[in-house]
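Structure assessment
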Amino acid sequence: MTFQAEELAEQDAPVETADPAARPAWKGRFPTSRRMSRRMKWTAIAVAAAILLAGGAALDHALTDPRTSEAYVSLDKVKTVAQTDRDAAESRYQQQKTKYDTLLNGITDRENKVTKRETDVSSAEGALKDAQAAVTKREDAVSAVEKQKAANTAGDGTWVVGKDIEAGTYRASAEVSSSCYWAILQSGTNGSQIIENDLPGGGRPTVVLSGGQDFKSNRCGTWEKQ
């Protein structure tokens, strides 16, 4: 039942009174307070519906997709440019990182090679030191032997026994010539005091020398201690 139909039904409905003749003439011709209240309720409902429809239209207008706005489009362009720059920067970074890693690996390899060479050089230096020590030892040994041999060997010249040569028995290392001459002298007399001398004329003569003596040999070759 619509609002008007309900109102008309209420207007045409009989009004019960104790005395029908006593019913006022305006009874049923004007709306009652009850009908007035219902009318106001439906009017308020209609007004609220209109407000809601208007608000919905406004809200729909207000909720328009923001991505279509100029500000959003502008910001989206800025964002796109920033992303492009970021991607380009990341690509350059990766390229530089690749170069850096390559250089770093090369440096590491060179450092390893240098370390190996240093180790080899150190080992070679150690071996060289050992060899030098061995050579020095042999030289010392040879020198000692040579010194010992020199102390036990006499050639042409005058030798101080106990200083230039050791005391002991000496023999010519080879056959002497006929011009060989040797002499045992008293040390410190400048050859004026002859203890013993000889012109062997050949063979391998032998002499016995003691401390405090000088030994003189001419054209006899080498004398060796026995």
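Residues numbered from 1 in each chain as written. Predicted model: local features only at pLDDT ≥ 70, side-chain atom pairs only at ≥ 80, totals over all residues. Heavy atoms only, no water.

For any pair of aromatic rings, the description rests on two quantities: the centre-to-centre distance and the angle between the ring planes. Inspection of every chain in the model, using the stated rule, returns one aromatic pair. With centroids separated by 5.3 Å and ring planes inclined at 85 degrees, the aromatic side chains of F215 and W223 adopt a geometry described as edge-to-face. Owing to a relative accessible area of 0%, W223 belongs among the buried residues under this scheme. (Phe/Tyr/Trp six-rings, centres within 6.5 Å; stacked < 30°, edge-to-face > 60°. Buried < 20%, exposed > 50% of the residue type's maximum accessible area, 1.4 Å probe, protein only.)

The subject of this paragraph is the state of the cysteines. Each disulfide consists of one covalent bond between the sulfur atoms belonging to two cysteines. The full count for this structure, using the stated rule, is one disulfide. Disulfide pairing is shown between C180 and C220; the S-S distance is 1.8 Å. With the S-S bond torsion at 100 degrees, the cross-link from C180 to C220 turns out right-handed. Of this pair, C180 sits in the loop between β3 (168–172) and β4 (181–186) while C220 sits in the loop between β7 (213–218) and β8 (223–225), and the two are 40 residues apart along the sequence. (Disulfide = S-S within 2.5 Å. Helix = DSSP H or I, 4+ residues; strand = E, 2+ residues; numbered from the N terminus.)

In this sheet, β7 lies alongside strand β2 (residues 157–160) in antiparallel orientation, the contact comprising four bridges. Opposite G157, over in β7, you have S217 as the bridge partner. By the bridge criterion, six bridges tie β4 to β7 in an arrangement that is antiparallel. Bridge pairing links Y181 to N218 in β7. (Pairing = 2+ DSSP bridges.)

With 14 residues, the main nonpolar core has I165, V207, L209, F215 and W223 as its most contacted residues. Listed by contribution, the elements that provide at least two residues to this core are β3, β4 and β6 (206–209). Setting aside anything within four residues of it in sequence, one finds F215 in contact with A154, G157, T158, W159, I165, W182, A183, I184, V207, L209 and W223. (Core = buried A, V, L, I, M, F, W, Y, C linked by side-chain atoms within 4.5 Å. Contact = heavy atoms within 4.5 Å.)

A few words on the sheet that holds β4. Pairing within the open sheet is antiparallel, and its four strands lie in the order β2-β7-β4-β5. Where the open sheet ends on each side, the last strands, each with one partner, are β2 and β5 (194–198). Looking at each pair of strands side by side, their axes are set apart by 15 degrees on average, direction ignored. The pairing of β4 with β5 spans four bridges and is classified as antiparallel. Counted as the bridge partner of L185 is I194 from β5. (Axes fitted to C-alpha atoms, helices over the stretch in contact; angles between N-to-C directions.)

Applying the stated criterion across every chain, the model contains four salt bridges. With a closest N to O distance of 3.1 Å, K97 and D101 form a salt bridge. Taken together, the positions of K97 and D101, both in helix α3 (residues 70–151) and four residues apart, correspond to about one turn of that helix. (Salt bridge = Lys/Arg side-chain N within 4 Å of Asp/Glu carboxyl O.)

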